[in-house]
Amino acid sequence: AFTTMTMTQSAGFLNINAAGTSTVAANYASLQTWRYFPVVGTTPICVEITTQFDKVPVANEIMLFGLGVAVAAAEPVDGVWIEYTSAGFLGCMRYNSGTVQKTSAFAATINVNTNYKFAIVVGGQKIEYWVNDVLQAEQAIPDAQSQPFLTSALPVFFEKYNSGVIGSSPNVIWKVGDVTVTLMDIASNQTWANQMAQCGLTMQQLNGGSATS
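Scope of this entry: the structure provided in the associated data block. Sequence order as written defines the numbering, with residues in each chain counted from 1. Residues qualify for local features only when their pLDDT is at least 70, as the model is predicted, and side-chain atom pairs are given and counted only at 80 or more; totals for whole chains, interfaces and linings, by contrast, use all residues. Side-chain measures were taken over the full set of non-hydrogen atoms in the model, leaving aside hydrogen atoms and water.

A short note on the pattern of salt bridges
For side chains bearing opposite charge, pairing can occur when the charged atoms are close. The working definition used for a salt bridge is a side-chain nitrogen of Lys or Arg within 4 Å of a carboxyl oxygen of Asp or Glu. Under the criterion given, the structure shown has 8 salt bridges. Between Lys55 and Asp54 there is a salt bridge; the shortest N-O distance is 2.7 Å. Measuring nitrogen to oxygen at the nearest pair gives 2.8 Å for the salt bridge that ties Lys126 to Glu138. Of this pair, Lys126 sits in strand 12 (residues 126-131) while Glu138 is found in strand 13 (residues 134-140), placing the two residues 12 residues apart along the sequence. A relative accessible area of 35% means that Lys126 is categorised as partly exposed. One network of salt bridges, with partners in common, ties together Glu48, Lys117 and Asp133. Helix and strand definitions here come from DSSP, where helices need a minimum of 4 consecutive H or I residues and strands a minimum of 2 consecutive E residues; each element is numbered from the N-terminal end. Exposure is judged per residue with a 1.4 Å probe applied to protein chains only, and the accessible area is read against the type maximum: over 50% gives exposed, under 20% gives buried, and values in between give partly exposed.

Some details on the nonpolar core
The criterion is simple. A nonpolar core is a set of buried Ala, Val, Leu, Ile, Met, Phe, Trp, Tyr and Cys residues joined through side-chain atoms within 4.5 Å. Membership of the largest hydrophobic core comes to 36 residues, with the highest contact counts inside it found for Leu67 and Trp174. Counting residues in each nonpolar core, the second largest holds 9 residues, with Ile62, Cys92, Val100 and Phe157 among its members.

Re the sheet that holds strand 11 (residues 116-122)
Pairing between two strands is assigned when DSSP locates at least 2 bridges connecting them. Within the open sheet, the 7 strands sit side by side as 2-3-16-6-11-12-13. Their pairing is antiparallel. Of all the strands in the sheet, the pair left with one neighbour each is strand 2 (7-10) and strand 13. For this sheet, the mean angle separating the axes of adjacent strands, direction not counted, is 25°. Pairing geometry for strand 2 and strand 3 (residues 13-16), over 4 bridges, is antiparallel. Its bridge partner lying in strand 3, Thr8 is registered against Asn15. For helices, the fitted line uses only the C-alpha atoms of the stretch in contact; every axis is such a line through C-alpha atoms, and the angle between N-to-C directions lies from 0 to 180 degrees.

Right, here's the structure in full:
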């Protein structure tokens, strides 16, 4: 979805705000996956992206990525995401249109035109935010919520929008490369019997030998 701001694909990247000249308030560009990724009990979901930025953002430039349904020139009403502005990066959680709960800023200074790997790990009791495999922030899920967001499954989304007039042009062209979503702590590539065996709930027996547990 777009208002003035555009997206293109080039050299293996999705370029968000591809022209880098959008300065009008409420201009935006967003993209989300067709697939929705479910919360499976207390099993964590990990969203990882390889991304880079060609400039440091100025006031009113807002970039969001994570789990949620993209909303034109606004934050999702339900989900977990990372926000990047002139203040740096913030981990964000919102439950059913409630108040957006945000972490303190992290990784405030990064190199432009350099790939970084960001990861959001959504667990049963907390959310972790990682940059290049280094834990940056944690966010506890409030006791008033049984999970971080009300919807049981959400798409991955990316959005850049102007919350007000942008005072400089050109402005940030945001490049997104690889995107991976992983269900953690469940060996889904193995049979259920093998998974249970690795948990210690097993009986082993050799041919001609006695049963052991």
